[in-house]
Amino acid sequence: MGETPALVATDIDGTLLRDHRTLSPRTAGVLARISAQGTPVVLVTGRPIRWLKMIYDQLAEPLPAVCANGAVVYDPTNDEVLRADPLAPELLAEVARRLRAEVPGITFAVEISDSRQMRHEAHYPLRWDADHDAIRAVETPEELLTAPAVKLLARAGEQDPDAFVELIGTALRGLAEATHSSTSGLVEISAAGVTKAAGLAWYCERLGIDARDVLAFGDMPNDVPMLAWAGRSVAVANAHPTVLEVAHEVTAANSEDGVAAYLEKIFDVG
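Residue numbers restart at each chain and count upward from 1, following the sequence in its written direction. Totals for whole chains, interfaces and linings use every residue, but because this is a predicted model, local features are given only for residues with pLDDT of at least 70 and side-chain atom pairs only at 80 or more, for both listing and counting. Hydrogens are left out, water is left out, and the side-chain values use all remaining heavy atoms of the structure.

Student: Lay out the packing of helix α1 (residues 25–36) against helix α8 (residues 258–267) in plain terms, naming residues and giving numbers.
Tutor: Packing of α1 against α8 brings their axes to within 9 Å, and their N-to-C directions diverge by 30°. The interaxial crossing formed by α1 with α8 has left-handed handedness. Contacts from Arg26, Thr27, Val30, Leu31 and Ile34 in α1 reach Ala260, Ala261, Leu263, Glu264 and Phe267 in α8. Classes in brief: Ala, Val, Leu, Ile, Met, Phe, Trp, Tyr, Cys and Pro nonpolar; Asp, Glu, Lys and Arg charged; the others, Gly included, polar. Taken together, the residues that form the contact of α1 with α8 break down as 7 nonpolar, 1 polar and 2 charged. Axis angles are defined between N-to-C directions and span 0 to 180 degrees, where every axis is a line fitted to C-alpha atoms and, for a helix, only to the segment in contact. A run of H or I in DSSP becomes a helix once it reaches four residues, and a run of E becomes a strand once it reaches two; helices and strands are each numbered from the N terminus. The sense of a crossing depends on the near helix, which, turned anticlockwise from the far helix by less than a right angle, makes the crossing left-handed and, turned clockwise, makes it right-handed. Any pair of residues with heavy atoms lying within 4.5 Å of one another is described as a contacting pair.

Student: Describe the environment of Val250, naming the residues involved and giving the relevant values.
Tutor: Within the fold, Val250 resides in strand β14 (residues 249–251). Dropping the residues within four chain positions of it, Val250 is found in contact with Val234, Ala235, Val236, Ala237 and Leu244.

Student: Tell me about the sheet that holds strand β13 (residues 232–236), and name the residues and values.
Tutor: Sheets are built from strands that pair by backbone hydrogen bonding, the pairs being arranged parallel or antiparallel. Paired strands are those between which DSSP finds at least two bridges. The strand order across the open sheet built from 8 strands is β5-β4-β3-β2-β1-β12-β13-β14, with neighbouring strands paired in mixed fashion. Where the open sheet ends on each side, the last strands, each with one partner, are β5 (80–84) and β14. Across the sheet, the axes of successive neighbouring strands diverge by a mean angle of 25°, strand direction being ignored. Note that strand β1 (residues 7–10) and strand β2 (residues 41–44) share 3 bridges and pair parallel. Paired with Thr10 across the bridge in β2 is Leu43. Strands β1, β12 (214–218), β13 and β14 of the sheet are contacted by α8, whose axis makes an angle of about 160° with β12.

Student: Mind laying out the nonpolar core, listing which residues take part and the relevant values?
Tutor: Here, nonpolar core means buried Ala, Val, Leu, Ile, Met, Phe, Trp, Tyr and Cys residues that are tied together by side-chain atoms lying within 4.5 Å of each other. Type-normalised accessible area, obtained with a 1.4 Å probe on protein chains alone, sets the label of each residue: buried when under 20%, exposed when over 50%, and partly exposed for intermediate values. In terms of nonpolar packing, the biggest core is built from 82 residues, with Leu7, Leu99, Ile168, Ile189, Leu200 and Leu263 touching the most fellow members. A total of 6 residues in this core trace back to one element, the largest contributor, which is α8. In contact with Leu7, not counting residues within four places along its chain, are Thr39, Pro40, Val42, Leu200, Tyr203, Cys204, Leu207, Ile209, Asp213, Val214 and Leu215. Within the second largest apolar cluster, 7 residues are counted, among which are Ala109, Ala134, Leu153 and Leu186.

Student: Account for the environment of Gly174, naming residues and giving values.
Tutor: Of note, Gly174 is situated in the loop between α4 (161–171) and β10 (176–179). Residue classification places Gly174 among the exposed residues on the basis of a relative accessible area of 76%. For the pair Gly174 and Gly193, spaced 19 residues apart in sequence, the C-alpha to C-alpha distance is 9.4 Å.

In short, the description is geometric, and any link to function would need to be established separately.
As structure tokens, this is what we get:
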């Protein structure tokens, strides 16, 4: 990669946002100046579309987003889903069957309607998602598996996230992708081949931008495929050990505006 990237891709939670899920004025300003100079900035996140408004409200203007760990590519200007790559109902059913056999007490939720809505089993614990219009419990476990889902979420009480994702990944090998971005034992499952890297690669190809010219930031295991794919990858100092291992460079922690600090130097927009 040359000195100036052709595109900037960044994870949101734990990377761009501070610990209280707020975007600093410094970071918002840097992203706005880079965009104004003509360099595309893309948010690449595990979040569903419905969780983006909180970010967009803190930005000068909304940025395109690769959501649901790569399963959805979203244009906020036109409120348009450019691409979606969901798990088909038959695949969801097989994934659920395997995991119920493997993990006692496992409960599921699904992101449907391109991640604009969520459905969950009655005992699935909701953490901070309180959008009652978009989210509801299903009456039977089978009902959860009737519509294509851009992401299947799995919990089984409090689990070590790394060990839990390894267990689920082994059970689903060759069938679906399993990753995590939390510390509470939530595993995020996508269709085979669907990762942040795949979603971002599709978007970059649309713009005619090569991987070697992409600068990417991340902090958790679901960022690893994107960081391995990008020509220049940067971990924030608070990142998971696997991210620190794969990234080319490390910047300051999210709480210290590490992404903004790095971009100010690269783009000379401090």
